Each structure stands twice: as C-alpha cells, then as structure tokens.
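# Structural overview for review
Listed below are the residues making up each chain.
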Amino acid sequence: MNDARRCPICGAPVPPEALVCPSCHSLLPETIPDSAPAETPSVAPVPSAAPPAPSAAPPAPTPPRASPRPVAHRTVAPAANPFAAELGRRLNRIASWAEGAQPLGVTVPRLPAWAEEAARTAPNPEPWAEVVRGIERIAQRRIVSAIEEWEKRTKSRLTRLEAYAVDSRLEREQIEDTLHAARTGDVPQALSTFQQVERVVALKERHLDQAREELERVIALLRDMQALGVEPPQDPAEVADDLESELRAGKLASLKQQIRALRLQAVNRLKAGLPKYISEYGDYLLEERTHGIATELEATELARGAREFFHGHPEAGLRRLRALQQRHGTPPSHSVRGAARAR
C-alpha cells in the first residue's frame with residue numbers, strides 16, 4: 001500500500017504539509033487518507049486473518065466542504081389583531097341600527113373608512129374600542145329620542161282609530177315594549193317591534209281612510225244628482241247619517257255593502273235621467289248662442305261630462321256637469337221643475 005497522500009479531486013500525490021493540490025490547485029481538507037486509490041479496484045481485497053487494531057485504522061475520509069447555500073428569508077405574517085373581528089362585528093351592528101332607524105328619521109354616526117382601517121391594524125386597539133363604544137352610545141340616545149317622539153304621534157293615531165271602534169290594545173302594549181327595549185340597550189328588538197307596529201297601524205288607517213273616501217264619494221254622487229234634478233235613490237242627508245254611524249261603529253264590511261248598493265241604484269237612475277238633462281242643457285246653450293252669447297266653452301264642458309258618464313265614470317261626469325251648472329246656471333225647465341218640487 002502506498003503511503004503517499006493523494007488529492008481527493010484529481011488523485012495526484014500531495015505532500016503531507018500541502019494545503020492546495022499542486023496539480024489541480026484544489027483546496028485540500030485538513031485530513032486526507034494516506035491511501036486513496038485513483039480507481040475503484042474490480043476485485044475486493046481479501047481481509048487479513050486478524051483485523052487491525054482500532055487505533056491503527058486510517059481515519060475516515062472527510063468529504064470536501066461545499067460552499068454554503070444562501071438561506072431564503074421567510075416573511076413572517078404578523079399575528080392577527082384579535083380586536084379586528086370584534087370591531088367588524090360591532091360596526092356591522094351599528095350599520096344595522098342605521099338601516100332600521102331610517103323610518104324614524106334618525107342619522108346614526110358611522111366610523112370613517114380610514115379610521116376603520118386604522119382601528120383594525122392598531123397595535124393598541126383600546127382607544128379605538130372606546131371610540132366605537134362612544135358611537136354606540138350616541139346612536140342609542142338618538143334612537144331612544146326618536147322612538148319617544150314616535151310614541152306620541154302613534155298614540156294620537158291610535159286614538160283616532162279607536163274613535164271608529166278599531167281595537168288597538170295590542171299596538172299600545174307593543175309601543176311600551178319598544179320603548180323599554182330601546183332604553184335598556186336592546187336596540188335591534190326595539191327597531192323590529194317599531195316596524196311591526198308601524199305596519200299594522202298604517203294598514204288599519206288605510207282601511208279606515210278607504211271606507212271614509214267611499215262614503216264621501218257616494219254622498220257627493222247623491223247630492224250632485226239632486227242638484228241636477230235627477231231624483232237620488234235616498235235622501236243624501238239621511239244616508240250620510242246612517243253611513244257615518246256604521247263607520248263609527250267599525251262595521252266596515254256592512255258599510256261597504258251599503259255603499260255598493262247605493263251606488264248601483266244611483267247609476268241606474270242616472271242612466272235613465274241624465275241623457276234628458278244633457279239634451280235639455282244642450283238646447284239651453286244653443287238658444288243662448290242664437291241670442292249672441294258665446295257658449296263654446298260650456299258646450300265643450302257639457303260634452304266632456306257626458307263622455308265621462310257614458311265611459312263608466314259617473315262621479316267624474318257628474319262633477320263636471322255640476323260645476324257647469326254652478327258656473328253657467330240651470331236651464332229654465334229644470335228651474336221650473338225644481339221650484340214645483342220645492343212647493
């Protein structure tokens with residue numbers, strides 16, 4: 001076995017004290033095996049009868065040092081701000097308050113976008129938490145004040161409904177529940193109950209107003225018939241008292257049936273008597289025209305009233321004819337009949 005040191009790169013003999021291979025100029029390790037064959041033998045060597053002592057064994061070859069690889073620097077994400085989730089929840093709650101309080105006319109303060117972003121990323125979120133709590137307190141005070149004003153208005157509306165025998169005990173209880181919830185901080189419940197009461201009261205008012213409007217329309221129809229000399233099915237003054245009593249008693253279904261029956265009777269009488277009135281009034285205008293009186297506008301209005309009636313709008317047609325009579329007068333034949341009826 002050759003005792004000369006060899007370069008682990010090119011296999012050339014190397015002096016014991018050399019640090020660089022004289023042949024390939026490679027940096028030599030501190031310890032290089034004395035016998036490093038240039039080629040791997042094809043036949044494995046036969047071991048000796050007695051293994052060599054451990055101290056006499058040559059040191060294990062040390063692999064060449066590789067140049068250190070650059071270590072990639074990882075960007076460590078900052079820890080999530082635990083206040084961000086709570087902030088988002090509370091801001092969403094304020095937004096829902098603002099939407100629910102719009103019918104009350106309340107403007108709820110909101111956190112600007114830049115302040116919201118700053119609060120989400122702030123290392124010390126406590127100041128921003130106090131800001132959000134302040135916004136909630138302001139919003140609650142405004143909503144409570146608006147509900148108190150709404151309570152006064154709504155109780156006046158309920159008093160009017162109760163004058164027409166409309167039951168409103170449940171709505172009065174719900175108004176008190178709304179106020180209690182708002183004052184104790186349960187703003188979502190207060191806004192929900194407020195919207196429910198508002199819907200029910202508005203619905204009851206609409207039904208009452210529709211009944212009142214239908215009553216007034218049929219009475220006006222009967223009075224216009226009477227003024228034009230067409231006998232109404234019933235006396236308008238008596239009918240008005242009877243229908244008003246039904247309305248005050250809250251009998252809306254019965255009231256509507258009576259109104260429909262009266263209107264049908266009135267229209268049937270108008271179909272029989274109104275064409276004659278229109279014809280006579282046309283003759284009256286024509287006679288005035290022969291005396292040099294301009295009646296073009298009156299003739300046009302007469303034609304419009306007749307058209308409204310025959311197209312299925314008796315109230316509108318009668319209003320036009322009644323207005324024409326008040327402005328231009330009554331034909332003499334109708335005046336005579338009216339005086340005879342009065343006697």
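Residues numbered from 1 in each chain as written. Predicted model: local features only at pLDDT ≥ 70, side-chain atom pairs only at ≥ 80, totals over all residues. Heavy atoms only, no water.

What follows is about the overall build of the chain. Assigned secondary structure in the chain consists of 10 helices and two strands. Taking all 343 residues of the chain together, 33% fall into the buried category. A separation threshold of at least 6 residues defines the contact pool for the chain, and within that pool the share at least 24 residues apart is 65%. Within the structure as shown, the chain displays about 22,100 Å² of accessible surface, and the carbon and sulfur contribution to it stands at 55%. (Helix = DSSP H or I, 4+ residues; strand = E, 2+ residues; numbered from the N terminus. Buried < 20%, exposed > 50% of the residue type's maximum accessible area, 1.4 Å probe, protein only. Contact = heavy atoms within 4.5 Å. Areas by Shrake-Rupley, 256 points an atom, 1.4 Å probe, with all protein chains shown as cover.)

Within the secondary structure layout, Q325 lies in helix α9 (residues 314-328). For Q325, a relative accessible area of 7% puts it in the buried group. One polar contact links the side chain of Q325 to the main-chain carbonyl oxygen of A227, over a distance of 2.9 Å. (Polar contact = N/O pair within 3.5 Å; in protein donor to acceptor, adjacent residues only side chain to side chain.)

Inspection of every chain in the model, using the stated rule, returns four aromatic pairs. Residues W150 and F194 carry aromatic rings whose centres are separated by 5.1 Å and whose planes lie at 85° to one another, so their mutual orientation is edge-to-face. With W150 in helix α3 (residues 126-163) and F194 in helix α5 (residues 187-227), the pair connects residues that are 44 residues apart, well separated along the chain. Across the pair, F194 and W150 agree in class, each one buried. Measuring from ring centre to ring centre gives 5.7 Å for Y277 and Y281, while their planes differ by 40°; the resulting arrangement is tilted. Here Y277 and its partner Y281 are both found in helix α7 (residues 252-290), four residues apart, which amounts to about one turn of the helix. For Y277, a relative accessible area of 1% corresponds to the buried category. Residue classification places Y281 among the buried positions, given a relative accessible area of 1%. Members of the aromatic cluster, each reached through a chain of ring pairs, are Y277, Y281 and Y284. (Phe/Tyr/Trp six-rings, centres within 6.5 Å; stacked < 30°, edge-to-face > 60°.)

Here the focus is the nonpolar core. Counting 65 residues, the largest nonpolar core has L104, I143, I147, L243, L270 and L274 as the members making the most contacts within it. Ignoring any residue separated from it by four or fewer positions in sequence, one finds I147 in contact with L104, T178, L179, A182 and A190. (Core = buried A, V, L, I, M, F, W, Y, C linked by side-chain atoms within 4.5 Å.)

Quick look at α5 now. Between its terminal C-alpha atoms α5 stretches 58 Å, which fits the 60 Å expected from 41 residues at 1.5 Å a residue. Within two residues after α5, G229 carries a phi angle of roughly 85°, on the positive side. (Expected span 1.5 Å × (residues − 1).)

Let us look at a negative patch on the surface. A contiguous patch of negative charge on the surface is contributed by E231, D235, E238, D241 and D242. Along the polypeptide, D241 turns up in helix α6 (residues 236-248). (Patch = residues over 30% accessible without salt bridge, like charges linked within 9 Å, V, L, I, M, F, W, Y side chains within 5 Å. Salt bridge = Lys/Arg side-chain N within 4 Å of Asp/Glu carboxyl O. Lys, Arg positive; Asp, Glu negative; His and termini not counted. Charge placed at Lys NZ, Arg CZ, Asp CG, Glu CD.)

Moving on to the pattern of salt bridges. Taken as a whole and assessed by the stated rule, the structure comprises 22 salt bridges. Measuring nitrogen to oxygen at the nearest pair gives 3.1 Å for the salt bridge that ties R137 to E130. Here R137 falls in the partly exposed class, since its relative accessible area comes to 41%. Its relative accessible area of 36% is what places E130 among the partly exposed residues. Three or more residues are tied together by salt bridges with common partners; here these are E126, E130, R133 and R137.

Attention now moves to the packing of α5 against α7. With their axes 10 Å apart at the nearest point, α5 and α7 run at an angle of 25° to one another. It follows that α5 is roughly parallel to α7 by the angle criterion. Crossing of α5 against α7: the hand is left-handed. On the side of α5, the interface is formed by H207, A211, E214, L215, V218, L221, L222 and M225, while α7 contributes L252, L255, K256, I259, L262, R263, A266, R269 and L270. Residue classes in the contact of α5 with α7 are distributed as 12 nonpolar, one polar and four charged. (Axes fitted to C-alpha atoms, helices over the stretch in contact; angles between N-to-C directions. Parallel < 35°, antiparallel > 145°, perpendicular 65-115°, else oblique. Left-handed = near helix turned anticlockwise from the far one by under 90°. Nonpolar A, V, L, I, M, F, W, Y, C, P; charged D, E, K, R; others polar.)

Moving on, we come to the confidence of the model for the chain. Per-residue pLDDT for the chain averages 80, and the proportion of residues at 70 or more is 77%. Within the chain, the element-level pLDDT minimum falls on helix α10 (residues 332-342), averaging 47, and the maximum on helix α4 (residues 169-183), averaging 96. Within the model, the stretch residues 66-79 combines pLDDT values under 50 with zero contacts to residues more than four positions away or in other chains. pLDDT under 50 marks residues 335-343. Its contacts with residues more than four places away, or in other chains, come to four contacts. (pLDDT = per-residue confidence, 0-100.)

An ideal rise of 1.5 Å per residue puts 18 Å on 13 residues; α6 measures up with 18 Å between its terminal C-alpha atoms. Buried within α6 we find P236, V239, A240, L243, E246 and L247. The buried residues of α6 occupy one face: seen down the axis, they fall within an arc of 130°. Exposed side of α6, more than 90 degrees from the buried face: E238 and D241 are the residues found there. (Arc of directions from axis to C-beta.)

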